[in-house]
Amino acid sequence: MTDPKATGIVDDDVDLSKIPGGGGGGAKWVAIGVLVLVLGGIGAGIAYFVTTLPATDPARVVVALRGSVDPEFDANIRQDFHARLHNFGFDAIEDEVPVEGADLEAAYAEVRRRGLEREAGTTLLLDLSVVAERPGVVTDQQLFRAALSVHVVPTEGGDVGTETAEFTYENTTARNVATGLRDTWFATLAPAAIDLLYQSPALERVLDPETSLEASRMTYVLTLRDKADLVNARTARVEAFEQYRRAGLEEATRTGSEEDIHCFGDPSRPWSVIGIDGDGSHVIVQESYRNPVFRLESMRDEWTEPPESLRVIEIANPESPRTLLSVGHFYTLAETSPDGAWASAALFARGVPALVSVKIEDGSFGTRWLLEAGERVPFHQPSPDGQAILARLQRSGWYIWDRENALPVPAVRDSRFIRLPSGEGRIVGQIGSDLALLEPNGRHDEPWPRLPHPLHEVLGVVDGSIAVSLRLNRTECEIVRVDLATHTAGPPSGAMPCLSYGSVLPDGRVVGAANHSASGDPPGDMEVVLFDPQTAGLTVLTRGTTRDELVYASSSGNRVVWSRRLEAPPEEFDNRLFRRAVCWADLPPP
């Protein structure tokens, strides 16, 4: 019998003499060929195994920083994130050399190079920016825009994951702003950074329990696998909040489905309407919101409170609002002048209450005043030219502030700044039982008529007269015009529901919010209504179970805008703020 070692493993039916080369030589070549194929297959398998193993340590993360406040703060913020990653289970390495350059893609390339040098699977690039944007409300302060982004950059290529927390605050130095934000940045972005790291290609590959690595590389991976449930639970909470936010957007759209009613905005980041410009193309809003903080080790709800802002929104393009004024906290809603050209705001500056007027067009200040530490301003309104503010102090009565003076004025109930046909500004209100007009310097020596009923609202100027709403009883009012030249009151209109945020249009009709419902509409909520004093006809513009409030009409009379308050949020997402969307409609002809 032929020795198998000499002939190789062949099929018994094969005639070896037929193989080129003849006889046993053919078997030899077959054996060699088979051996080459076998060894080749093993070699290819080894090569494939080697090339699919990560060339870098998937659990190793380099922490680098781009941007600067000062060397001490830079080191602190970098060390915060390094320590957090290390304590969570990552093999974290702190890179103390700043990443230079303004181009972000170039920064990604640079940290990939640094990560590869250290055989790290990813780099956590902290991108820090604290920039002064304009003078502050207080003369020795500036408004700083402070942002920190975390970029998770895979060393061996792939998509970069990014999370950003941006704030605007007034202070004297960038260091003070950054120091005040350090804990908030860390609490917000450190869990988000870990979430992004778990989604990085390098780590995802080895978090699979079926993946094995050499012992030295498994040390950190096993710890990270054990903590994956924490990350997954946090991710589920983040996704639940995003779903809640999307549902709010859908609800705002759905409640704006009446004919010719349009709504926009994010109810979880509410915009409260404070005015509209003269031609009805832009709406001015006050933005106050809280962001959820999703920690890894705790399921307890926590919220950050970003600065509050006045923003200008082009109705045709609501996705790109313009920030007008950003401060730590407004303690009342801002107000606007009759034509929407100026806004006044009561806020906290350097820990004390302040009062400012701001030009809507460019954000420049008209007047700025700091109040006493314990004082508050529950009511304020800018003059038509923005150079003065009428305000009622809680403890000290009524004042008019301009650039140089704080003038005390008599107590003026239900007052409002108006613009006379001459362009001058006047304050209209009730002193005692009389209607009163005050000049910006506080003078009010002109005789005006005694009101037959208490003043409810000053509605504005139309056809040389002041339109006012007088309260007949708890729910009903009437409209009266007082002639500016003769100081006489005209005949009253028929009874109508009392309005809030009422305005007179150039054609004499009045629009505002009233607790009144159209036929078939569930009662008990505020709706936007249009009242014609000439015919006593009332048109209900909105319907539904949501509350329509904060109503403003353009001075041209073509459009009305308001805030629509939605249902309260579920308990787990209750940030203690109203959920509001912005709605608008073109007003119908008389």
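Residues numbered from 1 in each chain as written. Predicted model: local features only at pLDDT ≥ 70, side-chain atom pairs only at ≥ 80, totals over all residues. Heavy atoms only, no water.

Visitor: Explain the packing of aromatic side chains here, please?
Guide: For any two aromatic rings, the description comes down to two numbers: the centre-to-centre distance and the angle of the planes. Going through the model one piece at a time under the given rule, you end up with 14 aromatic pairs. Ring geometry for F264 and W271: centres 6.4 Å apart, planes at 70°, overall edge-to-face. Comparing F264 with W271, the two get one shared label, buried. When the centroid spacing of 5.4 Å and the interplanar angle of 35° are considered together, the rings of Y399 and W401 count as tilted. Taken together, the ring pairs connect F241, Y244, F294, W303 and F573 into an aromatic cluster. Cation over ring: K227 sits above F88, and NZ or CZ is 4.9 Å from the ring centre. If you follow R376 out to its NZ or CZ, it ends over the ring of Y331, 5.7 Å from the centre. (Phe/Tyr/Trp six-rings, centres within 6.5 Å; stacked < 30°, edge-to-face > 60°. Buried < 20%, exposed > 50% of the residue type's maximum accessible area, 1.4 Å probe, protein only. Lys NZ or Arg CZ within 6 Å of the ring centre and 35° of its normal.)

Visitor: Whenever I open this one, unusual backbone geometry confuses me. Can you help?
Guide: With glycine set apart, most residues show a phi of negative sign, and most peptide bonds adopt trans. Although it is not a glycine, D463 adopts a positive phi angle of roughly 50°. Positionally, D463 belongs in the loop between β24 (455-462) and β25 (465-471). For R576, which is not glycine, the phi torsion reads 65° and is therefore positive. If you trace the backbone, R576 turns up in the loop between β33 (559-565) and β34 (580-586). Owing to a relative accessible area of 64%, R576 belongs among the exposed residues under this scheme. (Helix = DSSP H or I, 4+ residues; strand = E, 2+ residues; numbered from the N terminus.)

Visitor: What should I look at first to understand the state of the cysteines in this one?
Guide: Linking two cysteines covalently via their sulfur atoms produces the bond known as a disulfide. Tallying each qualifying case throughout the model produces two disulfides. Indicated for the protein is the disulfide connectivity 1-4, 2-3, based on numbering the bonded cysteines in sequence order. (Disulfide = S-S within 2.5 Å.)

Visitor: Honestly, the nonpolar core in this entry has me stumped. Any pointers?
Guide: Soluble, globular proteins show a tendency: their nonpolar side chains are buried together. Among the nonpolar cores identified, the biggest contains 43 residues, and F81, L85, F90, L124, W185 and Y198 are the most heavily contacted of them. Of all the elements, helix α5 (residues 174-198) adds the most residues to this core, at eleven residues. Residue contacts for L124: discarding those within four places in its chain leaves V61, V62, V63, A64, F81, L85, V150, H151, V152 and A193. Counting residues in hydrophobic clusters, the runner-up holds 20 residues, among them L325, A334, A354 and V356. (Core = buried A, V, L, I, M, F, W, Y, C linked by side-chain atoms within 4.5 Å. Contact = heavy atoms within 4.5 Å.)

Visitor: How do you make sense of the pairing of strand β4 (residues 142-154) when you look at a structure like this?
Guide: One face of the sheet, then the other: side chains in a regular strand alternate in exactly this way. Within β4, eleven of the 13 residues are buried, which leaves it mostly tucked inside the rest of the structure. Looking at chain direction, strand β3 (residues 120-135) and β4 are connected through 13 bridges and run antiparallel. Bridged to P135 within β4 is Q142. Where β3 hands over to β4, the hairpin turn is made up of six residues, counted between the paired strands. Bridge count between β4 and strand β5 (residues 161-171): eleven bridges; the pairing is antiparallel. When the sheet's bridge partners are listed, L148 is paired in β5 with A165. The hairpin formed by β4 and β5 contains six residues between the paired strands, and G157 there has a positive phi angle of roughly 95°. (Pairing = 2+ DSSP bridges.)

Visitor: Would you mind going over empty space enclosed by the protein with me for this structure?
Guide: Empty space among the atoms can be located by rolling a probe the size of a water molecule over them. If you walk through the whole model with that rule in mind, you get one cavity of 30 Å³ or more. For the largest cavity, the calculated volume is near 50 Å³. Along its surface, the largest cavity is lined by F241, Y244, P267, S268, P270, R290, W303, F573, N575, L577, F578 and R579. Taken together, the residues of the lining of the largest cavity sort by class into eight nonpolar, two polar and two charged. (1 Å grid on protein atoms, 1.4 Å probe; cavity = no way out; pocket = protein on both sides within 12 Å on 5 of 7 lines; lining within 4 Å. Points joined across faces, edges and corners; volume = space filled by probe spheres on them. Nonpolar A, V, L, I, M, F, W, Y, C, P; charged D, E, K, R; others polar.)

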